[in-house]
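What the coordinates show
Chain by chain, the residues:
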Amino acid sequence: MTYVIALPCVDVKDRACVDECPVDCIYEGNRMLYIQPDECVDCGACEPVCPVEAIYYEDDTPDQWAEYYKANVEFFDDLGAPGGAAKMGVIDKDHPLIDALPPQPNPLA
Ligand code: F3S
Ligand code: F3S
């Protein structure tokens, strides 16, 4: 199992979650962040700190964002398990699901 980042992160990218993850498995794309499902240890530390409630345990992801499980997993199809997000910096891509979205409002701005 894994945690999943969903739509509320898109164009917001608060990054509070990154500081909480003990295994550095939250990777930054251009418009949102993605959790590497094989590196995530299901500790749950990231979920409560996201100010826009974008993070869910896989089985608790709201139905309307169910496809974000696939988006998080498939983001790593070509990256594999890099073993740490910090050294990767911003990865210059997003999942096609996110690429297709219009600009999203940022409730924190
Ligand atoms: Fe995104 Fe929330 Fe993390 S907005 S970067 S999932 S703290
Ligand atoms: Fe990391 Fe734990 Fe979340 S391993 S991605 S902080 S559930």
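Position numbers for residues start from 1 in each chain and track the written sequence from start to end. Chains carry letters from A onward and ligands carry numbers from 1 onward, assigned in written order. Only residues with pLDDT of at least 70 are given local features in this predicted model, and only at 80 or more are side-chain atom pairs given and counted; all residues enter the totals for whole chains, interfaces and linings. Each side-chain value is derived from all of the structure's non-hydrogen atoms; neither hydrogens nor water enter the calculation.

Right, let's talk about the overall build of the chain for a bit. Within the chain, the secondary structure is distributed over three helices and four strands. Listing each helix as α and each strand as β along the chain from the N terminus yields β-α-β-β-β-α-α. Radius of gyration means the value over C-alpha atoms here, while the globule rule gives 2.2 Å times the residue count to the 0.38 power. Taking 13 Å as the expected radius of gyration for a compact globule of 109 residues, we find that the chain reaches 12 Å, a close match to that expectation. Split into buried and exposed, the 109 residues of the chain put 44% on the buried side. Runs of E in the DSSP output that reach at least two residues are strands. Runs of H or I that reach at least four are helices, and both are numbered from the N terminus. Burial classes follow relative accessibility: with a 1.4 Å probe on protein chains only, a residue under 20% of its type's maximum area counts as buried, one over 50% as exposed, and anything between as partly exposed.

Buried within helix α2 (residues 67-75) we find Tyr-68, Ala-71, Asn-72 and Phe-75. Across the axial projection of α2, the buried residues extend over an arc of 95°, all falling on one side. Each element contacted by the buried residues of α2 is listed here: β1 (3-5), β2 (26-28), β3 (33-35) and α3 (96-99). Summarising the geometry, the arc corresponds to the directions from the helix axis toward the C-beta atoms. Two residues qualify as a contact provided that any one of their heavy atoms is within 4.5 Å of a heavy atom in the partner residue.

Here the focus is the site of ligand 1. The near set for a molecule or strand comprises every residue that places at least one heavy atom within 4 Å of it. Within the structure, ligand 1 sits among 13 residues, and Cys-9, Asp-14, Arg-15, Cys-17 and Cys-50 are positioned closest to it. Residue type decides the class: Asp, Glu, Lys and Arg count as charged, Ala, Val, Leu, Ile, Met, Phe, Trp, Tyr, Cys and Pro as nonpolar, and the leftover types, Gly among them, as polar. Of the residues belonging to the shell around ligand 1, the class tally is ten nonpolar, no polar and three charged.

This part covers the site of ligand 2. Surrounding ligand 2, one finds 13 residues, the nearest of these being Cys-21, Val-41, Cys-43, Gly-44 and Cys-46. Each residue belonging to the shell around ligand 2 can be placed in one class, and the counts come to eleven nonpolar, one polar and one charged.

As a further point, take the pattern of salt bridges. What makes a salt bridge here is a side-chain nitrogen of Lys or Arg within 4 Å of a carboxyl oxygen of Asp or Glu, nothing more. Per the stated rule, a full pass over the model turns up five salt bridges. One salt bridge connects Glu-28 with Arg-15, and the closest N-O pair in it is separated by 2.8 Å. Here the residue Glu-28 occupies a position in strand β2, and Arg-15 occupies one in the loop between β1 and α1 (16-20), the gap between them amounting to 13 residues. Looking at Glu-28, the relative accessible area reads 12%, which means it is buried. For Arg-15, a relative accessible area of 38% gives the class partly exposed.

In this model, Asp-11 sits at a positive phi of 65°, which is unusual for a non-glycine residue. Tracing the sequence through the fold places Asp-11 in the loop between β1 and α1. Given the relative accessible area of 28%, Asp-11 is considered partly exposed. For Glu-53, which is not glycine, the phi torsion reads 50° and is therefore positive. With respect to the secondary-structure elements, Glu-53 resides in the loop between β3 and β4 (55-57).

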